[in-house]
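These are the residues of each chain, in order.
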Amino acid sequence: MAAAADNQSAVGQQYTTNPPRELPKRRGTELMLLAFAAVIVTTAFVLVQINQEQSLSWSILWYGAAYLAIFSAAHVAVRHWAPYADPLILPCVALLNGLGLVTIYRLDLAEAERARSLGEEFSGSAPRQVLYTVVALALFLAVLRIIKDHRTLTSYAYTAGLAGLVLLALPAMLPASLSEVNGAKVWLKLPGFSIQPGEFAKILLMIFFASFLVAKRDLFMTAGKRILGVELPRARDLGPIIIAAVVCLGILVFERDLGTALLFFGITLMMLYVATERAIWVVVGLSMFMVGAFIAYQLFTHVQQRVTNWIDPLATYDDPGGGYQIAQGLFGLGTGGVFGTGLGAGRPEMVPEAHTDFISAALGEEIGFVGLAAVLLVYLLLAMRGMRSALAVRDTFGKLLGGGLSFAIVMQVFVIIGGVTKLIPMTGVTTPFLSAGGSSLLANYILVALLLRVSDTARRPQQQKPSGEAPPKQLAPIAEAHTVMVQRPPQTPAEGGPALSAPAGHQAPGQHNPGQHNVGQYAAGAQPGPQTPGGQQSPGHSAPQGTGRPPGQAQQPVTPPQGQSPVPQGPQQASEGSGAAPEQPQGRQAPPQAAQPVSDRPPQSGGSQGGPQQAEPSAGAEEPAWPTEDSTDEPNRPKGDDAT
């Protein structure tokens, strides 16, 4: 026992040394992993150029310098603004982004060769991807710098939800010339560039749902009717999941984008399950998804075409919009085999849209099953570190937000990889950090910045506040722990003893001290006893103290000041809030009381006719039964009725 106590004291003292020992920030580990990712990416560039150009060019130095500058700036920003963030998140993102840049560059070399053979001009996608990465880095730095605490996002939850819905619906409301690309109306074509608003709407809606589910969590945990041993949710609690299903159906109908609809509904269902821990929500959500998918298949021809291509892509190989793309991707993966053909040694340019939707097929052809599995493990590691941070963070909003952001990465990878490998019907989403495109890259870097902020909050040690320091201002009720209202228990005096007296201090009639609570009241069941000839109460009955009247004096009516009316009181609660003694039972007469000098009597109310008698002031004078405006000690009032 003594040894165990010594060990516990030693563990407790390891962070209380002089000077105090700080928790490790692990930024050195992050820098080493970033250097390792840079080595892998540089080696991949060299292999591509050797196999394609049979020589090395200065472009490798240009791409390598840009890559190092981008992630060096990101590392410095994390070191200063999120020093306790997870050290594996940024290196995983750097490796994935670098491999995507290598694959796009490799496809540009093949496309440039084809363009030269045909005598056409060609502009590669790799330089634009570097530019998009620089802009994404700027947004990454801005999010880390501006959002110092993820809980501040709860103040803008409904604004984020409204903005997300507007961004989702905007392409559907525009004409096809401004929003349609390859049959999907998910773009916003602006002069000089195009943007996909749904990528940013995904993050805004996750912020809204995380905040909403924290605020309404108790409603979703209430069980409804029990059918076949299963407790179903109440009908009125199905609102969020029904709204999500309607929004997804609207995306499917008006924008013809199956991937965004599936991704959005999956994220909503996951966050609802994490918030409630009830599997019935998953069952209800999947049931609604299956019903919606069946209806969509019966109504929309583009959904029927996707399903037909999924079942047998060779049957529609030569048809417009048929299975040619899926079949070519499968041929590429089969050509790569287990270990691949080698970077720069394959023919991934044979697959349509290989630099966007089918970049995983292009990468899998040259690095094989082993290399593609390693890339998927990097995605899995990124999501697991995000989930770990979500579990470790202390507030519920951070748990939901971190879990939603991490799951969004996994869900998006599953949707696109599943479509490429013919596991599920093909959808139009991009592969995070790998695919070419500005919208996806910008949105995913914002997502990573929020994930790093949640991770920094989770790993940051709690700082003990100095004694006497006021607690910090609460940000938003959603962001903090649930408040538990504690009621003050009734104070019952000892049996046969006197009741609790009111706080000491003289108070003139007509004045009210809101900072004092009346405690001079009878215990439960105590009634004033009969009076004896000498003015004493019979044994076993207690008289209120501090009222300023003899025990036998009857309560006199009290007239409120002008413009106010007394608070109605019951016959047995007359003393509550005023300190006055209860009325005498009928049939009991109070002994006569000697007249007092006029100067000692309280002033008569101007609004009373006939001048009824007023309660007499004394050292323990009671408070009036109505609130007044003459209080001078308002700052001393306790905060709330439950303050102690």
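The present account deals with the structure reproduced in this document. Because the structure is a prediction, the values reported are computed rather than measured.

1. Topic: the overall build of the chain
The helix and strand tally for the chain stands at 17 helices and 6 strands. Among the 644 residues that make up the chain, the fraction classed as buried is 43%. Long-range contacts, defined as pairs at least 24 residues apart, comprise 72% of the intrachain contacts of the chain with a sequence gap of at least 6. Per element, the accessible surface of the chain, about 34200 Å² overall, is 62% carbon and sulfur.

2. Regarding the layout of surface pockets
Here the second largest pocket defines a volume of roughly 1500 Å³. Around the second largest pocket sit 44 residues that line it, and Val-181, Asn-182, Trp-187, Glu-353 and Asp-357 are the ones nearest its centre. Within the lining of the second largest pocket, the residues separate by chemical class into 15 nonpolar, 23 polar and 6 charged.

3. Comments concerning the side chain of Arg-453
Assignment of secondary structure puts Arg-453 in helix α17 (residues 438–459). A relative accessible area of 3% means that Arg-453 is categorised as buried. Here Trp-81 takes part through its backbone oxygen, which lies 3.0 Å from a polar atom of the side chain of Arg-453. Contacts of Arg-453, omitting those with residues within four sequence positions, involve Trp-81, Ala-82, Leu-144, Ile-147, Lys-148, Asp-149 and His-150.

4. Observations concerning a nonpolar patch on the surface
Taken together, the side chains of Val-291, Phe-294, Ile-295 and Leu-299 present a nonpolar region at the surface, about 410 Å² in accessible area. Residue Phe-294 is classed as exposed on the basis of its relative accessible area, which comes to 54%.

5. With respect to the nonpolar core
By size, the foremost hydrophobic cluster in this structure holds 117 residues, and its most contacted members are Phe-140 and Met-271. For this core, the element with the highest residue contribution is helix α4 (residues 89–118), accounting for 14 residues. Excluding residues within four positions of it along the chain, Met-271 makes contact with Met-206, Phe-209, Ala-210, Leu-213, Leu-400 and Gly-404. Within the second largest apolar cluster, 5 residues are counted, among which are Leu-252, Ala-296, Phe-300 and Val-303.

6. A look at the packing of helix α15 (residues 359–392) against α17
With their axes 8 Å apart at the nearest point, α15 and α17 run at an angle of 45 degrees to one another. With respect to α17, the axis of α15 lies oblique. Of the two elements, α15 crosses α17, and the hand of that crossing is left-handed. Across the interface between the two elements, Gly-386, Ser-389 and Ala-392 from α15 touch Leu-451, Val-454, Ser-455 and Ala-458 from α17. When the residues that make up the contact of α15 with α17 are grouped by side-chain class, the tally is 4 nonpolar, 3 polar and no charged.

7. Regarding the pattern of salt bridges
A complete count under the given rule lists 9 salt bridges for this structure. For Asp-86, the salt bridge goes to Arg-385, with nearest N and O atoms at 2.9 Å. Taken together, the residues Asp-86 in the loop between α3 (59–81) and α4 and Arg-385 in helix α15 connect sequence positions 299 residues apart. Its relative accessible area of 0% is what places Asp-86 among the buried residues.

8. Some details on the packing of helix α6 (residues 157–173) against helix α8 (residues 197–215)
Between α6 and α8, the least distance of the axes is 8 Å, while the angle of their chain directions is 150 degrees. Of the possible angle classes, the one that applies to α6 and α8 is roughly antiparallel. Crossing of α6 against α8: the hand is left-handed. On α8, the residues touching Ala-157, Tyr-158, Ala-160, Gly-161, Ala-163, Gly-164, Leu-165, Leu-167, Leu-168 and Pro-171 of α6 are Pro-197, Gly-198, Phe-200, Ala-201, Leu-204, Leu-205, Ile-207, Phe-208, Ser-211 and Phe-212. For the contact of α6 with α8, the residue count by class is 16 nonpolar, 4 polar and no charged.

Conventions used here
- Residues numbered from 1 in each chain as written.
- Predicted model: local features only at pLDDT ≥ 70, side-chain atom pairs only at ≥ 80, totals over all residues.
- Heavy atoms only, no water.
- Helix = DSSP H or I, 4+ residues; strand = E, 2+ residues; numbered from the N terminus.
- Buried < 20%, exposed > 50% of the residue type's maximum accessible area, 1.4 Å probe, protein only.
- Contact = heavy atoms within 4.5 Å.
- Areas by Shrake-Rupley, 256 points an atom, 1.4 Å probe, with all protein chains shown as cover.
- 1 Å grid on protein atoms, 1.4 Å probe; cavity = no way out; pocket = protein on both sides within 12 Å on 5 of 7 lines; lining within 4 Å.
- Points joined across faces, edges and corners; volume = space filled by probe spheres on them.
- Nonpolar A, V, L, I, M, F, W, Y, C, P; charged D, E, K, R; others polar.
- Polar contact = N/O pair within 3.5 Å; in protein donor to acceptor, adjacent residues only side chain to side chain.
- Patch = residues over 30% accessible without salt bridge, like charges linked within 9 Å, V, L, I, M, F, W, Y side chains within 5 Å.
- Salt bridge = Lys/Arg side-chain N within 4 Å of Asp/Glu carboxyl O.
- Core = buried A, V, L, I, M, F, W, Y, C linked by side-chain atoms within 4.5 Å.
- Axes fitted to C-alpha atoms, helices over the stretch in contact; angles between N-to-C directions.
- Parallel < 35°, antiparallel > 145°, perpendicular 65-115°, else oblique.
- Left-handed = near helix turned anticlockwise from the far one by under 90°.

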